[in-house]
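Structural characterization, general
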Amino acid sequence: SPGDALGFGVTLAVASVALMGLAVNVMAAVALAVAIGFYVFVYTIWLKPRTPQNIVIGGAAGAFPPMIGWAAVTADVGLGGIALFALIFTWTPPHFWALAIERKEEYEKVNIPMLPVTHGDAYTRLHIVFYTLLLTGTTFLPYAIEMSGLIYLTGVVILNIIFLYYVLRMYWEKSNKLAMPTFTYSIVYLMLLFAFLLVDKYADMITSGQILF
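To keep things clear, this report deals only with the structure shown in the data block. Note that the structure is predicted; figures quoted are calculated from it, not measured.

To continue, consider the overall build of the protein chain. A tally of regular secondary structure across the protein chain gives 10 helices and zero strands. Considering only intrachain contacts with a sequence separation of at least 6, the fraction spanning at least 24 residues in the protein chain is 63%. Total accessible area on the protein chain is roughly 11,500 Å²; 72% of this is exposed by carbon and sulfur atoms. In the protein chain, the 10 positive side-chain charges and the 11 negative ones have mean positions that sit 10 Å from each other.

Turning our eyes to something else, we now look at the packing of helix 7 (residues 121–138) against helix 9 (residues 150–172). When two helices pack together, their arrangement is captured by the angle between the axes and the distance separating the axes. Two elements in contact, helix 7 and helix 9, have axes separated by 9 Å at closest approach and are oriented at 165 degrees. One finds that helix 7 runs roughly antiparallel with respect to helix 9. The way helix 7 lies across helix 9 gives a crossing that is left-handed. Judged by residue contacts, Arg125, Leu126, Ile128, Val129, Thr132, Leu133, Leu135 and Thr136 of helix 7 engage Asn160, Phe163, Leu164, Val167, Leu168, Met170 and Tyr171 from helix 9.

What follows is about the side chain of arginine 125. Its place among the elements puts arginine 125 in helix 7. Of the side chains with opposite charge, aspartate 121 comes closest to the buried, unpaired arginine 125, at an N-O distance of 4.8 Å. Here the side chain of arginine 125 touches asparagine 176 through a polar contact of 2.7 Å, side chain to side chain. Excluding residues within four positions of it along the chain, arginine 125 makes contact with Ile101, Met170, Tyr171, Lys174, Ser175 and Asn176.

Mapped onto the elements, aspartate 200 comes out in helix 10 (residues 179–207). When sequence neighbours within four positions are dropped, the list of residues in contact with aspartate 200 reads Ser148, Gly149, Leu150, Ile151 and Tyr152.

The residue asparagine 111 is not glycine, and still its phi comes out positive at about 60 degrees. Classification of asparagine 111 by relative accessible area gives exposed; the value is 63%.

The rules behind each value
- Residues numbered from 1 in each chain as written.
- Predicted model: local features only at pLDDT ≥ 70, side-chain atom pairs only at ≥ 80, totals over all residues.
- Heavy atoms only, no water.
- Helix = DSSP H or I, 4+ residues; strand = E, 2+ residues; numbered from the N terminus.
- Contact = heavy atoms within 4.5 Å.
- Areas by Shrake-Rupley, 256 points an atom, 1.4 Å probe, with all protein chains shown as cover.
- Lys, Arg positive; Asp, Glu negative; His and termini not counted.
- Charge placed at Lys NZ, Arg CZ, Asp CG, Glu CD.
- Axes fitted to C-alpha atoms, helices over the stretch in contact; angles between N-to-C directions.
- Parallel < 35°, antiparallel > 145°, perpendicular 65-115°, else oblique.
- Left-handed = near helix turned anticlockwise from the far one by under 90°.
- Buried < 20%, exposed > 50% of the residue type's maximum accessible area, 1.4 Å probe, protein only.
- Salt bridge = Lys/Arg side-chain N within 4 Å of Asp/Glu carboxyl O.
- Polar contact = N/O pair within 3.5 Å; in protein donor to acceptor, adjacent residues only side chain to side chain.

In C-alpha cells:
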C-alpha cells in the first residue's frame, strides 16, 4: 500500500543518513540527506509533474552520489567532488531525453510533461545535441584540475566522439530510430568514463610508487 511504501522509504532514508554519519563522516551524511530530500520533494513531487525542465533541474539529484562518495573519502566536497557532480548533471539530459523520445506515448498517457510531449521530437533532438556538447566540455574538467591524466583524457575523447556521432545522426536524419541506441550507449558511456578515471588514478599511483607490486 502507499502507506507501507512511504514508511519503508522513510525508514531507509533515515537509517542510511544515520549510518553514513556514524560510520563515515558528517559531511557525507549531510550531502546524502540533501540528495534524498531533493529527489523526493523537489524532483519527484514538484518538478516532474509540472515542467519539461524536470530532467535538467532534477538531474542534480542523480548527480549527488559521486560527490557523496568523494565526501565520504575526503570529508570535504572539493573541486574533485564538484567535477564529478558536473559530469552526471550534464550527462542526465541527453541520457534521459533519448529514452523520453522512445517512451513518449507512455508519458502522454500519464500527463507527465516530458520535453518530447510538450515541445515535440525535433525540439528534443536539438536539446540533446546541445547538452551533449555541454557534457563534452564538462568531461575535460577532471583533466583540467589535474584530477586525472592522459589515460582518462584519451578515453574520454573517444567516448565523446561516439556519443556525438549518435546524437548528431539522430538530429540530422530527423529520425527517432537512434533514440534507444543513444540511450543504451549513454549508459555504457558513463560506465566507461568512470572506469577511465579509476584506471588513470591507479596507473598514476603505481608510477609514483604509492602502490607497489
